[in-house]
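The residues making up each chain are set out below.
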Amino acid sequence: MPLTIQSLHAWEILDSRGRPTLAVEATLSDGTVATVQVPSGASTGTHEAVELRDGDPRYAGKGTRRAASHVNGEIAAALHGRNAGDQADIDNTLIALDGTPNKSRLGANAILGVSCAVARALSAARRQPLFETLSLGAPRLPVPMINILSGGLHAGANIEFQDFLIIPHGFDSFAEALEATVKIHGVAGQIVRRDGYTLTGVADEGGWGPLLPSNRDALALLTNAINDAGFEPGAQVSIAIDVASSHFYRQGIYELRSERRSLSSAGLAALLTDWTRQFPLVSIEDGLFEDDWPGWRTLTDKLSATTQILGDDFFTTNPARLRRGIEEGCANAVLVKMNQIGTLTETFEVCRIARENGYAAVVSARSGETEDSFLADLATATGAGQIKIGSITRSERLAKYNRLLELESRHGLPWQGRRFLGEILGRRATPSN
Ligand code: PGA
Ligand code: ZN
């Protein structure tokens, strides 16, 4: 007898910004109960699946009671008695029931919550760790891309670029990489204070949000922090940025207000190219506007031999957009955010397409997160190789890092940080190997 879905229950909870999101509980035929919590972004891409919000006076329109009621009514009725082990059937049923191309009728928040709650309940019923239930092949711990400095929509737009991150790859274990990160994060904070920059508080993903004179200063500060913490920039610890450029793009122009200048697409591409030469910058996310396909192609042609060109708002974890990007030679890596697309099955499909076409995959959290650690198991299960969860402060972030520490300690899963540069960047030199 297969395990079947007995009941589903959803309710409104709050995310790490104090905004409503959903918790969804699945109960299986053997009595197993499991809950998941759904994340929510702020710097969202235009082509994302749609979160259903109530639009009434509660929480300035952001309530999620309608999405919860869809789970408790229509969705629970449609999935009652379904085989919990057939994730594709469950997700396809949800997609068909919704009936829209962007999941806007039932809500991608409702649909994703159900999709993930059933998977977690199945893993609990089977007494398996979640990564085994989700496994797409050989599981491995991801190399983290960790936010240290924030700008853009996550830090009051003090500087325009959204994330300045480190990739600690030149270490023997995930635990050592995380220890180095904590040291670098601390040193970065000391530099900010020493140099007299105003700290605007902790940003949405737990990183520092200093008022810096320019975007470039953030890269210089980060490189100094790696050095001053006693690590070798490039050899042990590299840098990644999320430009999130769609959020300061207006009619063909990128407006860098903090620097009192504007750049064309070619100008921004030239700036990014310069930075890859001046700093140990190995990964650039959303370097150009989300619908500038020719610009993405040019940037990819220019930089893909040495740099990870990562599409977030550009791909929105959408299999069709990723396929188009592959056909047109745009980017060489995809950011994977479950709630951009709305089901586990489609998330897996994006990971599979990426792998089959030599694109890297970076499993990512949202800026609005919860204490759920689902993502750590997802990144491990897909063997994606990379994860992006924010900084190493704030418990909604630590829930994921701590789960990865548990997976390394308890399950002895492999971590291949020292292979990172060779694997991801192909021809780039790997001095630490
Ligand atoms: P978001 O930001 O969750 O606010 O969309 C994360 C990112 O852009 O990577
Ligand atoms: Zn992004």
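Residues numbered from 1 in each chain as written. Chains lettered and ligands numbered in written order. Predicted model: local features only at pLDDT ≥ 70, side-chain atom pairs only at ≥ 80, totals over all residues. Heavy atoms only, no water.

Caption draft 1: Just the pairing of strand β4 (residues 143-150), in detail. Within β4, eight of the eight residues are buried, which leaves the element mostly enclosed by the surrounding structure. One ladder, built from four bridges, connects β4 with strand β16 (residues 385-390); its direction is parallel. Within β16, the position partnered with V143 by the bridge is Q386. With four bridges joining them, β4 and strand β5 (residues 163-168) adopt antiparallel strand pairing. The residue of β5 that forms the bridge with N147 is L165. (Buried < 20%, exposed > 50% of the residue type's maximum accessible area, 1.4 Å probe, protein only. Helix = DSSP H or I, 4+ residues; strand = E, 2+ residues; numbered from the N terminus. Pairing = 2+ DSSP bridges.)

Caption draft 2: Molecular detail of the site of ligand 1. Around ligand 1 sit 14 residues, and of these A42, S43, Q162, R366 and S367 come closest. K337 places a polar side-chain atom, nitrogen or oxygen, 3.3 Å from an oxygen atom of ligand 1. Here K388 contributes a side-chain N or O atom positioned 2.8 Å from an oxygen atom of ligand 1. (Near = heavy atom within 4 Å. Polar contact = N/O pair within 3.5 Å; in protein donor to acceptor, adjacent residues only side chain to side chain.)

Caption draft 3: Structural detail: the coordination of the zinc ion (ligand 2). Those donors, D242 (OD), E285 (OE) and D312 (OD), are the protein atoms that reach the zinc ion (ligand 2), and they lie 2.1 to 2.2 Å from it. Sequence spacing of the donor residues for the zinc ion (ligand 2), all on one chain, is D-x42-E-x26-D. One end of the pair, D242, is in strand β8 (residues 237-242); the other, D312, is in the loop between β13 (308-311) and α9 (319-328), and 70 residues separate them in sequence. D242 gets classed as buried once you look at its relative accessible area, which sits at 1%. With relative accessibility at 2%, the residue D312 sits in the buried group. (Donors = N, O, S within 2.8 Å, 3.2 Å for Na, K, Ca; no water.)

Caption draft 4: Here's a closer look at the domain arrangement of the protein chain. By domain assignment, the protein chain separates into domain 1 (5-127) and domain 2 (143-424). Computed from C-alpha coordinates alone, the two centres of domain 1 and domain 2 are separated by 27 Å. On the side of domain 2, 31 residues touch domain 1, which itself brings 33 residues to the contact. At the boundary of domain 1 with domain 2, total buried surface from both sides reaches about 2600 Å², with 49% on carbon and sulfur atoms. (Domains from an automatic or database assignment. Contact = heavy atoms within 4.5 Å. Buried area = accessible area lost by both parts, 1.4 Å probe.)

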